Amino acid sequence: MKKIINDILYGITYALFYSLSLLPLRISYCISDFFYLIVYKVVGYRKKVVRRNLSTSFPNKTDKELKEIEVKFYHWVCDYVVESVKLLSISEDELRRRFTITNNDEIVECFRNGQSVGAILGHYCNWEWLSCVGLDLPERSKVGLVYHPIYNNVVDRLWRKIRSCLPNGVPVPKKDILRYLVAYKRDGINSIFGYIADQSPKWENIHLWLSFLNHDTPVFTGSERLMRKMNNAVYYVEMSRPKRGYYTCTYHLITKEPQSMPEHEITKRFFAMLEETIRKEPAYYLWTHNRWKRTKKEFDKHFDVVNGKVIPKS
């Protein structure tokens with residue numbers, strides 16, 4: 001019965017969002033502007049978290065500068081939602097017009113050489129639109145985003161649908177990604193998977209702390225371990241937003257020989273590059289995420305790292 005109810009709810013939700021996706025983006029942005037008034041002005045969604053994150057990340061900025069970033073951020077995050085929904089029905093021609101990849105030939109060259117690609121990125125600009133990168137890649141290749149499933153089944157199914165808008169798009173839960181990569185390699189299929197690597201790990205998954213945006217920051221290293229294991233070419237994906245409704249993607253090579261690099265070096269370079277991107281245009285980072293809720297002081301007080309494993313202190 002529960003499955004039937006979920007199927008019905010999903011069908012209704014999908015029909016609603018698909019209908020919204022048929023609207024021209026100029027109309028969708030009017031809806032986004034209305035959402036902005038509700039989310040920011042009325043509800044104040046996570047406003048305290050955003051202000052704390054901004055003020056501690058940019059201690060040298062004035063209150064006026066921080067306020068400008070805050071307002072622009074809330075406008076953008078509402079745009080992110082309507083832009084993502086648009087992927088349900090957007091045409092290939094419109095995608096190509098609105099999403100530019102500056103150096104896609106580098107990924108194609110990796111594929112020609114028989115090497116798949118690990119694309120490491122942060123919650124910056126509209127990462128959902130990165131499913132568009134498959135437009136100019138060989139048809140048999142696979143393009144996907146490694147994601148953490150959403151608890152709500154209906155929302156999770158809708159988001160998976162959005163992330164698989166292209167024929168070769170494959171959204172993969174993070175617990176299953178190794179199985180997919182091994183299968184593709186076995187079958188001789190080249191792939192490029194995006195790893196969003198700037199989430200806040202649970203205590204037991206903290207194996208590395210870095211300085212990031214003026215904070216001691218716990219970071220995931222699982223993406224790096226996967227890329228080493230699969231011997232992927234590793235690229236940092238930098239996105240920019242020249243104007244509303246348009247994005248540019250640039251691949252920055254970190255290494256084509258991940259196994260030759262010192263442990264954690266890939267992760268360190270990624271966070272340095274991501275920080276540089278954020279500092280250029282801070283408003284397009286996901287400031288509503290409580291990124292620094294776990295501190296190094298708490299970690300050192302309650303945990304030890306023994307042979308690479310995080311062990312609670314007795």
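Residue indices begin from 1 for each chain and proceed along its sequence in written order. Only residues with pLDDT of at least 70 get local features here, since the model is predicted, and only at 80 or more are side-chain atom pairs given and counted; chain-wide, interface and lining totals rely on the full set of residues. Hydrogen atoms and water are omitted, and side-chain values are computed over all heavy atoms in the structure.

## A short note on unusual backbone geometry
- Phi is positive for Arg46, close to 50 degrees, though the residue is something other than glycine.
- Under the DSSP-based scheme used, a helix requires at least four consecutive residues in state H or I and a strand at least two consecutive residues in state E, with every element numbered from the N terminus. Relative to the helices and strands, Arg46 is located in the loop between α2 (25-43) and α3 (47-57).
- Burial status follows relative accessibility: with a 1.4 Å probe on protein chains alone, a residue under 20% of its type maximum counts as buried, one over 50% as exposed, and anything between as partly exposed. Judged by relative accessible area, which is 40%, Arg46 ranks as partly exposed.
- We note that Leu213 has phi near 55 degrees; this positive angle belongs to a residue other than glycine.
- As for its placement among the helices and strands, Leu213 is situated in the loop between β6 (208-212) and β7 (215-219).

## Things to note about the packing of α2 against helix α4 (residues 63-86)
- Axes, fitted as lines to C-alpha atoms, cover a helix only where it is in contact. Angles between the N-to-C directions of the axes lie from 0 to 180 degrees. Direction vectors running N to C along α2 and α4 enclose 130 degrees, while the axes themselves pass 9 Å from each other. Relative to α4, α2 is oriented oblique. Where α2 crosses over α4, the two elements pack in a sense that is right-handed. Contacts between α2 and α4 pair Leu25, Ser28, Tyr29, Ser32, Asp33, Phe35, Tyr36, Val39 and Tyr40 from the former with Lys67, Glu70, Val71, Tyr74, His75, Cys78, Asp79, Val82, Glu83 and Lys86 from the latter.
- Grouping the amino acids of the contact of α2 with α4 by side-chain chemistry returns ten nonpolar, three polar and six charged. Any angle from 65 to 115 degrees is called roughly perpendicular, while one under 35 is roughly parallel, one over 145 is roughly antiparallel, and all others are oblique. In this scheme, a crossing is called left-handed if the near helix is turned counterclockwise away from the far one by less than a right angle; it is called right-handed if the turn is clockwise. In what follows, residue pairs with any heavy atoms lying within 4.5 Å of each other are defined as contacts. Residues are sorted three ways: Asp, Glu, Lys and Arg are charged, Ala, Val, Leu, Ile, Met, Phe, Trp, Tyr, Cys and Pro are nonpolar, and all the rest, Gly among them, are polar.

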